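Residue-level listing of the chains:
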Amino acid sequence: MSTDTNNKLTIRDLKLWYDDFEALHGVDLDIPSGKVTAFIGPSGCGKSTFLRCLNRMNDRIPGCRVQGDVLLEGNDIYAPDVDVVQLRTHIGMVFQKPNPFPKSIYENIAYAPRIHGMMQDGPDMDALVETALKKASIWDEVKDKLKQPGTALSGGQQQRLCIARTIAIQPDVILMDEPCSALDPIATAKIEELMDELKQEYTIVIVTHNMQQAARASDFTAYFYLGDLIEYGKTTDIFTAPKNQRTEDYITGRFG
Amino acid sequence: MSDPLKPSSMDTSLKADNRKRRRARADSRFKWYGIIALGLAMAFLTFFFIDIIGKGLPAFQQAEILVHVEYSEAVKSNYNKAVPKKYRKLISRAWLRSIPMMLEGHPDMIGTSENLWVLADYRVDQFLKGHEGHRLKKKYQQLVAQLETDGKVHLAFNTGFFSSGDSKLPENAGILASAIGSVLVLLLTMLFAVPVGVMTAIYLEEFAPDNHFTRLIEVNINNLAAIPSILYGLLGLAIFINFMGVPRSSALAGGLTLALMTLPIIIIATRAALRAVPDSIREAAYGLGASSLQTVWHHVLPLAIPGILTGSIIGLAQAMGETAPLLIVGMMAYIPDAPHSILEATTVLPAQVYTWSAESIRAFEERTAAGIMVLLAVLLSLNAVAVKLRNRSQQTW
């Protein structure tokens, strides 16, 4: 668990219940700054649930209770005085299914900065939209059709638009919940390339079902099974010399 | 034991056996049941339209007679003296009665005379249209026939039907008062039911916790949409008229009562429209740090608007055709004059149709049918608007 980098997120003894069902049994994890951390594990192991704890998206789910600490650079995000809206401007999220708003591409990007009062419409906003789209490597494809609806783009483009939309609120951390599961291999490769660029500036946490993707794109990997964190370490170590038998079974495809 | 799933390699026939033939017959029978049901429905509808239009169309024409009218001083006290005695019984009393009042307003006309096409008595009208039971006396029948050959009596477009209110004289009865009443009632219904209904639905769908209490409310709302509408009339009577003191028969009482009736429909339609907005849109907004209100207001509601509008318009159209609850709050009444405020006594189109249908004079029958035609035209246009709105703003993800 020891790493030589700064930790962006520190999670201690995180437990989560859906009504009476305990979905996470006390997870301890440090997510390093400026790296890509991947969560892998079979369906229903709690990796997506865990990811959604990190920006409190689980707050919306009725009957969901969380116990334990999630610290963003030392600040507990579950403290009573934390504003969830403020928190989510620090920790952005990209979802499994590309979900651009059925509005123009420009509007998709400009919406969040506007509601957070970061910027008024005008040349500054135009520049921000351009920067966000450039950082998400989609500028060249959409620069001539900013007024067209974001929903008219292809699936891979939509997902990159969603990433650009998240970048526009200038978060520290970007959470990605199986961002490529609805995409073809070429679009997937573009997103992976993009993650590699984005980790210069952002801490990225990604949930994936695709072990090759975890091996290719991440620096650190955490293996979850039935609500427990089984093993966590450098991706190269996990995939070449797993310490735990269950991890080895999973990554070699004997199980899962 | 032989294997029941062994491939029947010996039997390669592609022809249907009895079992397959029976199945094919059942298929085609089922198709024919559908076609017969549809045909029956179409036949009833066609019969209804032919009947209503056949009866109602003549009401859009009304008999007029060309007479010499003299405005003498004596007319002011006895309007009968304005026209030649011979024709008096052929002319609508409604028109004759209006002469003294007109002369009060225009004293300079006294002493003049003119030839005028004036509204004929309903018996003349019915006689000219060839209706049975016109009740025109034999001697007048000859006179009218004479006038007809002289070109002094004709059927003209019935403007009075749209420009006057109810009357006990069929030739003078029109839908203006009830149409204005309907518009007022509908506006009030819309004003009360749409905002309250939409807000309730948004709260229940987007904000309310899912517990026994909200589930109880949901069940009740669904039940309310299905209870007999006359109960809303009793509720309206108890709450609005007896308790809150809203004047009886007023557009306000009717509008509030119909709003009660329309609320569940609007709530259910709005909730369905909100539920149709994919949750991924809400997640996207929350994920970007939008508040609950911003999420609903900026993203969910705009996508749900077409559905909300469609549901609201259909609910309002239903309210417009409703009579039972209005019976209880006193709107099924003889109201000859159009209301000037929402507190004045008024009636509505379906109530007017009902009132006419209960009249004993046969000439009201065609007006009843014509009233139904107007009501149907308005309702069909409202539904057409609803369909148009739904089609125009259909959203794809």
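About the cut-offs
- Residues numbered from 1 in each chain as written.
- Chains lettered and ligands numbered in written order.
- Predicted model: local features only at pLDDT ≥ 70, side-chain atom pairs only at ≥ 80, totals over all residues.
- Heavy atoms only, no water.
- Helix = DSSP H or I, 4+ residues; strand = E, 2+ residues; numbered from the N terminus.
- Rg over C-alpha atoms; globule rule 2.2 N^0.38 Å.
- Buried < 20%, exposed > 50% of the residue type's maximum accessible area, 1.4 Å probe, protein only.
- Contact = heavy atoms within 4.5 Å.
- Buried area = accessible area lost by both parts, 1.4 Å probe.
- Salt bridge = Lys/Arg side-chain N within 4 Å of Asp/Glu carboxyl O.
- Polar contact = N/O pair within 3.5 Å; in protein donor to acceptor, adjacent residues only side chain to side chain.
- Patch = residues over 30% accessible without salt bridge, like charges linked within 9 Å, V, L, I, M, F, W, Y side chains within 5 Å.
- Areas by Shrake-Rupley, 256 points an atom, 1.4 Å probe, with all protein chains shown as cover.

## Some thoughts on the overall build of chain A
Part 1 of the reasoning: When helices and strands are tallied, chain A shows 10 helices and 10 strands.
Part 2 of the reasoning: Radius of gyration (C-alpha) of chain A: 18 Å, near the 18 Å computed for a compact globule of 256 residues.
Part 3 of the reasoning: A principal-axis box enclosing the C-alpha atoms of chain A has dimensions of 55 × 45 × 35 Å.
Part 4 of the reasoning: Considering chain A as a whole, with its 256 residues, one finds that 55% of them fall into the buried category.
Part 5 of the reasoning: Across chain A, the fraction of contacts at a sequence separation of at least 24, relative to all contacts at a separation of at least 6, is 68%.

## Topic: the interface of chain B and chain A
Part 1 of the reasoning: Facing the 20 residues of chain B at the interface are 22 residues of chain A.
Part 2 of the reasoning: Between chain B and chain A, a total of about 1800 Å² is buried, with carbon and sulfur atoms accounting for 61% of that surface.
Part 3 of the reasoning: It is Glu-283, Tyr-286 and Leu-288 of chain B that lose the most area in chain B upon contact with chain A, and together they represent 35% of the buried surface on that side.
Part 4 of the reasoning: For the interface between chain B and chain A, the tally reads two salt bridges.
Part 5 of the reasoning: When the shortest N-O distance is used, the salt bridge between Arg-52 of chain A and Glu-283 of chain B registers 2.5 Å.
Part 6 of the reasoning: Remark: the boundary between chain B and chain A carries seven residue pairs in polar contact (both at pLDDT 80 or more).
Part 7 of the reasoning: Secondary structure elements with two or more residues in the side of chain B that touches chain A: α10 (279-287) and α11 (292-320) of chain B.
Part 8 of the reasoning: In terms of residues, the side of chain B that touches chain A owes the most to one element, α10 of chain B, which gives nine residues.

## Observations regarding a nonpolar patch on the surface
Part 1 of the reasoning: A cluster of nonpolar side chains, Leu-45, Phe-48, Phe-49, Ile-53, Leu-57 and Leu-380 of chain B, forms an exposed patch at the surface whose accessible area comes to about 510 Å².
Part 2 of the reasoning: Element by element, the count of residues in the nonpolar patch is highest for helix α1 (residues 18-56) of chain B, at four residues.

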